[in-house]
Every structure is written in C-alpha cells, then in structure tokens.
Amino acid sequence: MLHVAVVGSGPSGVYAAQSLVQQTSVPDVRVLVLDRLPCPYGLVRYGVAPDHEKIKSLQNNLRAVLEDERIGFVGNVEVGPGGLRPEWLRTHFHAVVYCVGAAVDRKLGVPGEELYGSHSATDFVSWYSAHPDAVGNGFALEARSAVVVGVGNVAVDVARILARGADELRPTDVPHAALGALAASGVRAVHMVGRRGPSQAKFTTKELRELGALPKADVAVDPAELTLDPAYADPAGLPAVNRRNVEVLRGWADAEAGEGGTPAERRLALRFFLRPVEIVGDGAGRVAGVRFERTLPDGRGGVRGSGTYEVIEAQLVLRAVGYRGSPLAGLPFDAGSGTVPHLAGRVLRDGAASPGEYVAGWIKRGPTGVIGTNRPCAKETVLSLLADAPDLVRRRLPGEPLEAVRELGLSPVQWPGWLAIEAAEAALGASLGRRTVKIPDWAGLLGAAGGR
Ligand code: NAP
C-alpha cells in the first residue's frame, strides 16, 4: 500500500488527494492530508470573500473528497519548526506532496508603508475571513476615503467589501466583530488604482462586473485614463479576458457620461496609469493619502514615469499587489520566484529530483490562476508521483503516523473535530440571529473541536 502525506488542505492539497485516490495504476493508496489550522479548505475558507457564496460552496466538493475512506484529515499540525519536519515526513510516508500555498503578502517598497492606516490586503482578508492568526480590529475603518493599490482579484474583493453595506454582509459567515466594524465604517470613497492600463488589469471580468452591481455604490472610471491605453480604442487583438474587461469599463464610461441620477452612498473609482511612490502621513503617524506618479504606456506592455504626480487623499490604504511563497525549513526554495524548484511537481534538490517529495499549487507555480487551475496542476504532480511509486513503496514504514504525531506531543484535530467546529459555528450563528458565523480565534476553534 502506498502511503502519502499531503501538506495543506486548500484546493491544491485536496485536488492532489483526489487525484491520488481516483487513479488506477496503484490500486491501494492511503492519503493523510495535514493542515496547520484545525480547519480544512485553505484559501477557500480563509481567502474567498464571504459574499462569494457560490465560490465558497466549492467547500462541499472539497468536503466530499476529504470524506473518502482512503483519505484522512489531520488539522492543528504544523509542518516546520516546532512541528513536523520534512525529514520526519519522508521517514513516515512513502511520498509527501507539499501544497502549502503562498501566504506572505508583497510590499510596495515605498516610504510610509508603516503608517497607521496602511495595511496589506492579505491582513484585511484574513480578518474578515476569521483567520485565527488575523490581527484584531486594527483597520482604520473610521477613514472616509480608502485607496486600494493593485487591480487584481484581491483588490476587487477588498474594494467590494469596503463598498458593501452591513445589511449585505450580515447573511454571510463574516465574523461578528468584523461585521460590527464594517457596519460602523466611515468609508464613502474607495479608489482602486492600477499602475498600468485597463487592458493590462489582472482582475477577471465576472469579478469586475460585480462592482457595477453593488447596491450601495456607484462605480466611476475616468475616460481620459482609459483612452491613454493604446489597446482601448481597438481591443480586438487582446486576450479574451482583457478584451471583455475593456468592454465593461467602456460601458461604465459611456453610462457615466449620460448620467444625472441621485448619487449612491458610496463611490468606487477605478483609476489607471498611476504608480504609488509614497504613502503620505498627516504628521501624527497616520495615513493622509497616497502620492502617485502618472505613468504612460512604454509600447512594450510596461509603463514609464511621466514626472507628474497626484495625491489621492485617503486615511486607509490596502495594498493588494500579490502574494509570495515563503521558504519551509528543510525544503529547497527559489527566493527569486518564491516557489520550490521542481520538475513536473518533483521537488529538485541541487537540480536532481528528490525521490518521494513533490509540490502542487501556488508553492509550485506561484500565486496565479483561479481555484480550478489547481486541479490540472495537482494532477501533473500526482502523475509524477505515481510514476515513481513502484520504487517508493518498497521501503518499509516505521508504523502508524498519527500515533507518531501524538508521541511528538502534538494535538491533532481529526475530521470529527472539524465537524464539531462546523456545528459550533452553526450554533454561534443561530445565537446571533444569523446563519453560520465563523469562529475567529484559536481558543474558540480548539475548544469547539474538543480534542477530537
Ligand atoms: P494579481 O492578480 O497578481 O494582481 C496584483 C496586482 O498588483 C496587479 O494589478 C499588479 O500590477 C499590481 N502590482 C504589483 N506590484 C505592484 C506595485 N509595486 N505597485 C503597484 N501595483 C503593483 O494578485 P492578486 O490580486 O493577489 O491575486 C492572486 C491570485 O488569486 C490571482 O490569480 C487571482 O485571480 C486569484 N484570486 C481570484 C479570486 C476570484 O476568482 N474571485 C479572488 C481573489 C484572488 P501589474 O500587473 O502591473 O504587475
């Protein structure tokens, strides 16, 4: 029997486990999916925005996989210093697939990033998603104006959450304290700012369109900024997603020109060709705005500075400029790309494939693509693993891995523990007159799991 450990229970980990049990070349496989948190599903639980219920419902598909009798879930077990080491996993399993994602946010590298009111979008997402490591209620939501730097889907998520009213968020599983803080938010203007043009924005069209349908916010684009983009006049040659994005933005620009109705409570402005150069302080340690340099297309897909500047007033700044993988002690790491070096999913140590060690998901290919992108990515890795399996299964394993985990003094949360957390979250929601409400702290989660 082939024993595999999968590290990480986000989409790439779960799809790797699914590929392992669905294949037919190795008939007998057992998979243990490990997670640092007591809860499964990774970014589907802790990254997908609470108002994206359809995407969140993917949890049901992931759940069905984790309930397969050949797959076990073990939460609250960290792989890394203080937890299980890669050498330990190699000893106790025939193969290990690392699906640990890319958890670290990228910095802008401009002065003023440390001011009160300046945060990474990752921290903001973790907070409204009830991640137990999230940093409290420290967001400057008393702000009237917010700047979101970046025009990817994370930027769209955080801009949308800022533009929604509390009544729109109450039916979601957003934690109760975050709901209260968002309900009291003073933010009335949100500026989402890209350093390049509209035809180069990273958001997907479905996500972009949603901004135009927000009940309490008007969306605004500046036609002059759109026309700076050489592809704006004739988007026919663009990849489909970029072409559709440009069409949506054009529709908004046209609608705005003819509009004269009552303004909504909030305003969401999409800005382009502005590169952040400084987060401006108010002299008392708080954000007062962001200074941008106007950029111009350089004709090669990039931009160049124009030497003219603009300050957008804001008391809250969220930088949504992408994630980065971080090194895992005991595994090789390419600091340039923030990924583990690999060949078709086989971990490379000093350029050579390391038998029994694999990667899938963002730690393999970088933080790109949508959830579904992880399925073929995990499949490629599992095909490599299966090709190596005849050699790997020859090795005798030392014994039951879960017992060995407990002997190390760790306290794993198994599937019944997770189900107990789910039940506690449903009960919490009922007690608050809401639907399921997520438990936002370690003590609450582990208490609910009750040592199961
Ligand atoms: P992303 O798609 O890579 O977007 C990052 C944005 O930040 C880009 O607009 C980028 O501009 C900009 N940027 C990078 N460095 C910058 C700098 N120094 N100054 C100013 N702007 C800078 O990253 P993401 O939004 O974090 O998303 C990560 C992945 O998760 C993506 O694949 C995304 O689609 C996915 N995701 C999907 C959903 C969904 O499907 N609903 C939701 C959330 C996330 P340049 O293009 O000029 O570099």
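As shown above, the structure is provided for reference.
Reading across the sheet, the 3 strands line up as E11-E12-E13 and stay open at both edges, with antiparallel pairing between neighbours. This sheet does not close on itself; its edge strands, each paired only once, are strand E11 (274–281) and strand E13 (303–313). Neighbour-to-neighbour, the strand axes of the sheet open up by a mean angle of 20 degrees, direction not taken into account.

Right, let's get into the site of the ligand. The ligand sits among 24 residues. The nearest are Val151, Asn153, Arg195, Arg196 and Gly369. Here Asn153 contributes a side-chain N or O atom positioned 3.0 Å from an oxygen atom of the ligand. Take Arg195: an N or O atom from its side chain is 2.8 Å from an oxygen atom of the ligand. Relative to its unbound accessible area of 920 Å², the ligand is 84% covered by the protein chains. Tallied by class, the residues present in the shell around the ligand amount to 12 nonpolar, 6 polar and 6 charged. The residues that make up the shell around the ligand include at least three from each of domain 1 (2–103 + 325–411) and domain 2 (106–320).

Read from one edge of the open sheet, 6 strands run E6-E14-E7-E8-E10-E9, paired in parallel fashion. Unpaired on one side and paired on the other, strand E6 (118–120) and strand E9 (217–221) mark the two borders of the sheet. Adjacent strand axes in the sheet meet at a mean angle of 20 degrees, parallel and antiparallel pairs treated alike. As paired elements, E9 and strand E10 (residues 266–271) share 5 bridges and run parallel to each other. The residue of E10 that forms the bridge with Val219 is Leu268. Helix-sheet contacts for helix H6 (residues 121–128) involve E6 and strand E14 (316–319), and the interaxial angle to E6 is about 75 degrees. Running over the sheet, helix H7 (residues 153–163) touches strand E7 (145–149), strand E8 (189–193), E9, E10 and E14 and is turned about 175 degrees from E8.

Here we come to the nonpolar core. In terms of nonpolar packing, the biggest core is built from 53 residues, with Phe124 and Leu270 touching the most fellow members. A total of 7 residues in this core trace back to one element, the largest contributor, which is H7. Residues in contact with Leu270, not counting those within four places in the same chain, are Met192, Leu208, Leu211, Val219, Ala220, Val221, Asp222, Glu225, Leu249 and Trp252. With 45 residues, the next largest nonpolar core counts Cys39, Leu66, Ala389 and Trp418 among its residues.

Across all of its chains, the model carries 32 salt bridges by this definition. The partner of Arg144 in a salt bridge is Glu313, and the shortest N-O contact between them spans 3.3 Å. Of the two residues, Arg144 sits in the loop between H6 and E7 while Glu313 sits in strand E13, which places them 169 residues apart along the sequence. Classification of Arg144 as exposed rests on a relative accessible area of 53%. Judged by its relative accessible area of 42%, Glu313 is partly exposed. If you follow the salt bridges from partner to partner, you end up with Asp51, Asp157, Arg160, Arg164, Glu168 and Glu210 in one network.

Taken N-terminus to C-terminus, the directions of helix H1 (residues 11–22) and helix H15 (residues 374–392) make an angle of 45 degrees; their axes are 8 Å apart at the nearest point. One way to sum up the angle between H1 and H15 is to call them oblique. Two packed elements cross with a definite hand, and for H1 against H15 that hand is right-handed. Judged by residue contacts, Pro11, Ser12, Tyr15, Ala16, Gln18, Ser19 and Leu20 of H1 engage Asn374, Arg375, Ala378, Lys379, Val382, Leu385 and Leu386 from H15. Residue composition of the contact of H1 with H15, grouped by class: 8 nonpolar, 4 polar and 2 charged.

The rules we used
- Residues numbered from 1 in each chain as written.
- Predicted model: local features only at pLDDT ≥ 70, side-chain atom pairs only at ≥ 80, totals over all residues.
- Heavy atoms only, no water.
- Pairing = 2+ DSSP bridges.
- Helix = DSSP H or I, 4+ residues; strand = E, 2+ residues; numbered from the N terminus.
- Axes fitted to C-alpha atoms, helices over the stretch in contact; angles between N-to-C directions.
- Near = heavy atom within 4 Å.
- Polar contact = N/O pair within 3.5 Å; in protein donor to acceptor, adjacent residues only side chain to side chain.
- Areas by Shrake-Rupley, 256 points an atom, 1.4 Å probe, with all protein chains shown as cover.
- Nonpolar A, V, L, I, M, F, W, Y, C, P; charged D, E, K, R; others polar.
- Domains from an automatic or database assignment.
- Contact = heavy atoms within 4.5 Å.
- Core = buried A, V, L, I, M, F, W, Y, C linked by side-chain atoms within 4.5 Å.
- Buried < 20%, exposed > 50% of the residue type's maximum accessible area, 1.4 Å probe, protein only.
- Salt bridge = Lys/Arg side-chain N within 4 Å of Asp/Glu carboxyl O.
- Parallel < 35°, antiparallel > 145°, perpendicular 65-115°, else oblique.
- Left-handed = near helix turned anticlockwise from the far one by under 90°.

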